[in-house]
Amino acid sequence: MKARVLVADDDAGVRYTLRGLLEDDGLTVEEAVDGEAALARLEQEPPVDLVLSDLRMPRVDGMELLRRVAARPNAPRVILITAHGSERHAVEAMKLGALDYFRKPFDVDDVLAVVRRALGMVRLEAENERLSGEVNLLRSLVFVSPSMARLALLIQRVGPRDVTVLITGESGTGKERVAEALVRASPRADKPYVRFNCAALTPELAEAELFGHSKGAFTGAVRARPGLFREASGGTLLLDEVGELALPLQAKLLRVLQEGEVRPVGEDRSFPVDVRVLAATHRDLPQRVAEGRFREDLYYRIKVVTLLMPPLRSRPEDIAALARHFLARHTERFHMPPVSLTPALLERLTAHAWPGNVRELENTLESAVVLSADGTLDLELLPGGASTLTPQAPANTLREKLDAHERELILEALAASKGQRTEAAKALGIGRATLHDKLRKHGLLNEGEEPEQ
């Protein structure tokens, strides 16, 4: 792909000359009549790789353009064009972040040398950023797919910026691993990292756990506790399954995010906290907002940046790498000889929809390793949640045939709804609890999954 250069100069003759020179060198060139027009262009897509700006322009001059561009996230690099005798301004511009400069009247070879050197640095910085992002994410997740590589790049860009991040995606995709990668890319990496599952406790206990409580604030509070926000102060707090947070707690969380202080249960004073909040959920939060089950103001407060963890079925190229990783992990864990990933097994794994995503894949292979023999996984031995991968015995009785047909209908509904059980239940014309019972009946539940209430 050609590099894209924006030339900002109020002199049409200079713009014409630079455009012709750079296009002849294989670049895509756009023009802006002054700094204000250049800033307007930078708000649009596609992104610009490099800006060449005159120092003196009406409305917004080159120095002001440089300052405002440098303050932008993912800002392009800037080269200034200066008049003869403006070396002092050029030095000041370099201190403000300009990559280089050249003088008017300019020499063709000098301009090309400066631009080529600058674009080389831009490409190197982009490659370093991409590799750093992949290294951070690869320490938590195994992947080879382009979609995960793009996510890694976003993590590397967002991690160092102290903003609230909402991590979305289906259950079992690895949202906590994304949070870990964000922490590693953050200046808070060496500070406390605290995780809290918002669905794990009753609203009363969750409030005391998050915000702390005084001694005697409620039955069983035999001593005061600071709460997770204060324990994480200076570091990062992950609110997993934030969509399950009760409405009264949502209001209190919003106050903490806005004011930077918490008030423990039973206390009449507040305590300052400095915490970066990450939130994760498999829920459709906009839908929950529309249903009145999640505060709209809190939703916008936690989604300053949203990162979507793609489901496993959308990145089948990752299945082989994940399978090898899990096989190696569990053979070592159970002190067993290495197990090979045969072409037949890989074909079956790749063909499966994996409604439970990476968690389902790992549980499937863990069970298969335990039951394997002679260093080879037997397809007939794949149990429980992986029974969709196992050749089924022929159905002989009417009941067996009906059960087999019901099972296939459930799998089709789950695949069509991308693993969303509420939608699958609606498509089948049954309740979610009934669907859960049928999943258990057909061995389609994830290992250790709790029954529906």
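In this convention, every chain numbers its residues from 1, walking through the sequence in written order. Totals for whole chains, interfaces and linings use every residue, but because this is a predicted model, local features are given only for residues with pLDDT of at least 70 and side-chain atom pairs only at 80 or more, for both listing and counting. The side-chain values count all of the structure's non-hydrogen atoms but skip hydrogen atoms and water molecules.

Novice: Explain the sheet that holds strand E7 (residues 193–197) to me, using residue names and the numbers behind them.
Specialist: Judged by pairing direction, the sheet is parallel, and its five strands sit side by side in the order E7-E8-E11-E6-E12 without closing on themselves. Of all strands in the sheet, those with a lone pairing partner are E7 and strand E12 (305–308), marking the two edges. Direction aside, the axes of adjacent strands within the sheet are offset by 20° on average. Paired strands, in this sense, are two strands between which DSSP finds at least two bridges. Counting from the N terminus, the helices are the DSSP runs of H or I reaching at least four residues and the strands are the DSSP runs of E reaching at least two. Alignment of strand E6 (residues 165–168) against E12, held across four bridges, turns out to be parallel. The partner of Val-165 across the bridge, within E12, is Val-305. An axis is simply a line fitted to the C-alpha atoms; with a helix, the fit covers only the stretch in contact. Between two such axes, the angle follows the N-to-C directions and lies from 0 to 180 degrees.

Novice: Pulling in residues and values, what's your account of the pattern of salt bridges?
Specialist: Any carboxyl oxygen of Asp or Glu within 4 Å of a side-chain nitrogen of Lys or Arg constitutes a salt bridge here. Per the stated rule, a full pass over the model turns up 29 salt bridges. Between Arg-41 and Glu-30 there is a salt bridge whose closest N-O contact spans 2.5 Å. Taken together, the residues span a long stretch of sequence, with Arg-41 in helix H2 (residues 35–42) and Glu-30 in strand E2 (residues 28–32) at a distance of eleven residues. The partner of Asp-34 in a salt bridge is Arg-59, and the shortest N-O contact between them spans 2.8 Å. Taken as a pair, Asp-34 in the loop between E2 and H2 and Arg-59 in the loop between strand E3 (50–54) and helix H3 (62–70) lie far apart in primary sequence, 25 residues in all. Residue Asp-34 is classed as buried on the basis of its relative accessible area, which comes to 5%. By relative accessible area, Arg-59 is classed as exposed at 58%. Here the salt bridges do not stand alone but share partners, grouping Arg-15, Arg-19, Glu-23 and Glu-31 into one network. Each residue is assigned to one of three classes by its accessible area relative to the maximum for its type, calculated with a 1.4 Å probe on protein chains only: buried under 20%, partly exposed between the two thresholds, exposed over 50%.

Novice: Run through helix H8 (residues 203–211), naming residues and quoting values.
Specialist: Within the sequence span of H8, burial applies to Ala-206, Ala-208, Leu-210 and Phe-211. Pairs of residues are marked as contacts when any of their non-hydrogen atoms sit within 4.5 Å. Buried residues along H8 sit against E7, helix H9 (228–231), strand E8 (236–240), helix H10 (247–259) and strand E9 (261–262). Positive backbone phi, approximately 90°, marks Gly-212, located one or two places after H8.

Novice: Describe in detail the nonpolar core, supporting the description with residues and values.
Specialist: In summary, soluble globular proteins display a tendency toward joint burial of nonpolar side chains. We define the nonpolar core as a collection of buried residues of types Ala, Val, Leu, Ile, Met, Phe, Trp, Tyr and Cys that are connected through side-chain atoms lying within 4.5 Å of one another. Counting 31 residues, the largest nonpolar core has Leu-210, Phe-229, Leu-237, Leu-239, Val-242, Phe-294 and Ile-302 as the members making the most contacts within it. Residue assignment for this core shows that the elements contributing at least two residues are E7, H8, H9, E8, H10, strand E11 (276–281), helix H11 (285–290) and helix H12 (296–302). The leading source of residues in this core is H10, at five residues. Those residues within four positions of Phe-294 in sequence are excluded, and the remaining contacts are Val-242, Gly-243, Leu-247, Gln-250, Leu-285, Arg-288, Val-289, Tyr-299 and Ile-302. Within the second largest apolar cluster, 21 residues are counted, among which are Val-5, Leu-27, Val-111 and Val-115.

Novice: Can you tell me about the environment of Asp-318, naming the residues and giving the values?
Specialist: Examined against the element boundaries, Asp-318 turns out to sit in the loop between E12 and helix H13 (319–333). Asp-318 gets classed as buried once you look at its relative accessible area, which sits at 0%. Measuring from C-alpha to C-alpha, the distance between Asp-318 and Val-358 comes to 9.8 Å, with 40 residues separating the pair along the chain. When neighbours within four sequence positions are excluded, Asp-318 is seen to be in contact with Phe-143, Val-144, Ser-145 and Met-148. Under this definition, polar contacts are N or O atom pairs within 3.5 Å; protein pairs additionally need one hydrogen-donor-capable and one acceptor-capable atom, and for neighbouring residues in sequence, both atoms have to be side-chain atoms. Of the polar contacts made by the side chain of Asp-318, one reaches the side chain of Arg-315; its length is 2.8 Å.

Novice: Help me get a handle on the sheet that holds strand E5 (residues 100–104), residues and values and all.
Specialist: Taken in spatial order, the five strands of this open sheet run E2-E1-E3-E4-E5, and their pairing is parallel. For this open sheet the edge positions go to E2 and E5, each flanked by a neighbour on one side alone. For this sheet, the mean angle separating the axes of adjacent strands, direction not counted, is 20°. In this structure, strand E1 (residues 4–8) lies alongside E2, joined through five bridges in parallel fashion. Pairing of Val-5 across the sheet is with Val-29, part of E2. Where helix H1 (residues 12–24) meets the sheet, it contacts E1, E2, E3, strand E4 (77–83) and E5, and its direction lies at approximately 170° from that of E2.

Novice: Got a sec to walk through the confidence of the model for the chain? Specific residues and values, please.
Specialist: The predicted model of the chain averages 82 in pLDDT, with 84% of residues at 70 or higher. When the criterion is pLDDT under 50, residues 383–395 qualifies, and its contacts beyond four places in sequence or with other chains add up to 36 contacts. The predictor reports its confidence for every residue as pLDDT, a score running from 0 up to 100.

Novice: Explain the pairing of E6 residue by residue, including any values.
Specialist: The two faces of the sheet receive side chains in turn, since in a regular strand these alternate between them. Side chains Val-165 and Ile-167 project from E6 onto one buried face, and the interleaved Leu-166 and Thr-168 project onto a second face that is buried too. Here E6 runs beside E11; their pairing, made up of four bridges, is parallel. What sits directly across from Thr-168, in E11, is Thr-281.

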